[in-house]
Amino acid sequence: MGMLCAVSFNRYGRLYYLDPAGFTPAVGDRVLVPTDDGPEVAECVWAPQWVDEDTSGFPKVAGLADDRDLRRDEQLRKRKAEAKVAAKKLIKAHDLPMKVVAVDHVLDQPGNGGARTTIYFTAPHRVDFRSLVRDLGATLHCRVELRQLSARDSARVQGGIGSCGRDLCCATFLTDFEPVTIRMAKDQDLPLNPLRISGACGRLMCCLKYEHPLYQKFQASAPAVGSRVTTPEGDGRVVAHSVPKDAVVVRMDADGSRCSCSRASVCAPRQAHDAHYNAE
């Protein structure tokens, strides 16, 4: 048990959870977050609160940002904006099929090897950008790196709203991309329309994997569609599955009506157990 607070580097951006380390920032306060390139300024969006989880592995707040830190952060944001504009102009001048997704900049400070700008981009294929890097270095007067992102990584960096109406999973809490297959959509009886099962990145939605184990477990024990079963209301044939309700839909032989029965009431092991119990 310990205390945690949540911060964000951009408005409506991804949340990062930190140990307040004795500091008490309020919502809206600027705090210093330790990174590989030194402490950076972030906004507190969730004041420190006690949580039940073990907080020993979380990074700690480096302190509250002062005027000097805020000026440095403003300078950093200005340099990022300048680099993004310059990159777009030079990409157009070089006629390269690239799209700038995000820009990161490290200011020149003692011990960090000088100023550095990293430009993240997407492209339909591999791009020879050597001449572009030279022109960007001459324009920005610093070392420039270009990194190509996949479609999923691009969606994570840019963020957005999914078809469910919520922020993208990859831009909020999802840290690793696990394989998602079309078989998962089939097992969940979803329409195989790419527009219905694709995310903002154009790939299969990551959330298809969330409930897939539940569907696999259900299908392993539930009677298949078309099989005959005995229900508490009488005999019938399975015509559909209702996995969220853990039930099957049965068409009764007596009158052709349909009823929803729990999976446990029609599965063979449960019926055998009930028969044995009643016999005793």
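What you see is a predicted model, and the numbers here were worked out from it, not measured in a lab. (Residues numbered from 1 in each chain as written. Predicted model: local features only at pLDDT ≥ 70, side-chain atom pairs only at ≥ 80, totals over all residues. Heavy atoms only, no water.)

1. What about the confidence of the model for the chain?
Argument step 1. Of the residues in the chain, 93% reach a pLDDT of 70 or more, and the chain-wide mean stands at 86.
Argument step 2. The least confident element of the chain is helix α9 (residues 268-279), whose mean pLDDT is 48; the most confident is strand β3 (residues 30-33), at 93. (pLDDT = per-residue confidence, 0-100. Helix = DSSP H or I, 4+ residues; strand = E, 2+ residues; numbered from the N terminus.)

2. Concerning the nonpolar core
Argument step 1. If you look at the biggest cluster of nonpolar residues, it comprises 19 residues, and the most contacted ones within it are Met-98, Ile-119, Leu-132, Leu-136, Leu-140, Val-144 and Leu-146.
Argument step 2. The residues touching Leu-146, leaving out its near neighbours within four places in the chain, are Met-98, Ile-119, Phe-121, Phe-129, Leu-132, Val-133 and Leu-136.
Argument step 3. Counting 12 residues, the second-largest nonpolar core is a separate cluster that includes Val-229, Val-248, Val-250 and Met-252. (Core = buried A, V, L, I, M, F, W, Y, C linked by side-chain atoms within 4.5 Å. Buried < 20%, exposed > 50% of the residue type's maximum accessible area, 1.4 Å probe, protein only. Contact = heavy atoms within 4.5 Å.)

3. What about the packing of aromatic side chains?
Argument step 1. One pass over the structure, following the stated rule, counts three aromatic pairs.
Argument step 2. A ring pair is formed by Phe-9 and Tyr-16, whose centres lie 5.5 Å apart and whose planes are at 70 degrees; its orientation type is edge-to-face. (Phe/Tyr/Trp six-rings, centres within 6.5 Å; stacked < 30°, edge-to-face > 60°.)

4. What about the side chain of Asp-19?
Argument step 1. Mapped onto the elements, Asp-19 comes out in the loop between β2 (16-18) and β3.
Argument step 2. As a buried residue without a salt bridge, Asp-19 has its nearest oppositely charged side chain in Lys-60, at a separation of 4.8 Å.
Argument step 3. Polar contacts involving the side chain of Asp-19 include one to the main-chain amide nitrogen of Ala-21, which spans 3.0 Å.
Argument step 4. Residues within four places of Asp-19 in sequence aside, it is in contact with Met-3, Leu-4, Thr-55, Phe-58, Pro-59, Lys-60 and Val-61. (Lys, Arg positive; Asp, Glu negative; His and termini not counted. Salt bridge = Lys/Arg side-chain N within 4 Å of Asp/Glu carboxyl O. Polar contact = N/O pair within 3.5 Å; in protein donor to acceptor, adjacent residues only side chain to side chain.)

5. Section: the packing of helix α1 (residues 67-94) against helix α2 (residues 130-140)
A pair of packed helices is characterised by two quantities: the angle between their axes and the separation of those axes.
Argument step 1. Remark: α1 packs on α2, axes separated minimally by 10 Å, with the N-to-C direction vectors making an angle of 140 degrees. Between α1 and α2, the crossing angle belongs to the class labelled oblique. Seen from above, α1 lies across α2 with right-handed handedness. On α2, the residues touching Arg-79, Glu-82, Ala-83, Ala-86, Ala-87, Leu-90, Ile-91 and His-94 of α1 are Ser-131, Leu-132, Asp-135, Leu-136, Thr-139 and Leu-140.
Argument step 2. The residue makeup of the contact of α1 with α2, split by class, is eight nonpolar, three polar and three charged. (Axes fitted to C-alpha atoms, helices over the stretch in contact; angles between N-to-C directions. Parallel < 35°, antiparallel > 145°, perpendicular 65-115°, else oblique. Left-handed = near helix turned anticlockwise from the far one by under 90°. Nonpolar A, V, L, I, M, F, W, Y, C, P; charged D, E, K, R; others polar.)

6. Structural notes on the state of the cysteines
Argument step 1. Inspection of every chain in the model, using the stated rule, returns zero disulfides.
Argument step 2. Free of any disulfide, Cys-164 has its nearest cysteine sulfur in Cys-169, 6.4 Å distant.
Argument step 3. The thiol of Cys-259 is not disulfide-bonded; the next cysteine sulfur, from Cys-261, is found 3.5 Å away.
Argument step 4. Here Cys-259 falls in the buried class, since its relative accessible area comes to 17%. (Disulfide = S-S within 2.5 Å.)

7. Focus on a nonpolar patch on the surface
Argument step 1. On the surface, Leu-15, Tyr-17 and Val-45 cluster together to form a nonpolar patch covering roughly 230 Å² of accessible area.
Argument step 2. Counting through the fold element by element, Tyr-17 comes out in strand β2. (Patch = residues over 30% accessible without salt bridge, like charges linked within 9 Å, V, L, I, M, F, W, Y side chains within 5 Å. Areas by Shrake-Rupley, 256 points an atom, 1.4 Å probe, with all protein chains shown as cover.)

8. Points about the pattern of salt bridges
Argument step 1. The final tally for this structure, using the stated rule, is 10 salt bridges.
Argument step 2. One salt bridge connects Arg-130 with Asp-128, and the closest N-O pair in it is separated by 2.9 Å.
Argument step 3. Look at Arg-130 and you get exposed, because its relative accessible area is 59%.
Argument step 4. Residue classification places Asp-128 among the partly exposed residues on the basis of a relative accessible area of 47%.
Argument step 5. Between Glu-145 and Arg-147 there is a salt bridge whose closest N-O contact spans 3.2 Å.
Argument step 6. A residue is classified by how much of its surface remains accessible, and Glu-145, at 22% relative accessible area, is partly exposed.
Argument step 7. Residue classification places Arg-147 among the partly exposed residues on the basis of a relative accessible area of 42%.
Argument step 8. It is possible to trace a salt-bridge network through shared partners that takes in Arg-143, Glu-145 and Arg-147.

9. Digging into the sheet that holds strand β11 (residues 247-252)
Argument step 1. Spatially, β9-β10-β11-β12 is the arrangement adopted by the four strands of the open sheet, whose pairing is antiparallel. Only two strands of the sheet have a single neighbouring strand rather than two, namely β9 (228-231) and β12 (258-262). Going across the sheet, the axis of each strand differs from the next one's by a mean of 50 degrees, ignoring polarity.
Argument step 2. Alignment of β9 against strand β10 (residues 234-242), held across four bridges, turns out to be antiparallel. (Pairing = 2+ DSSP bridges.)

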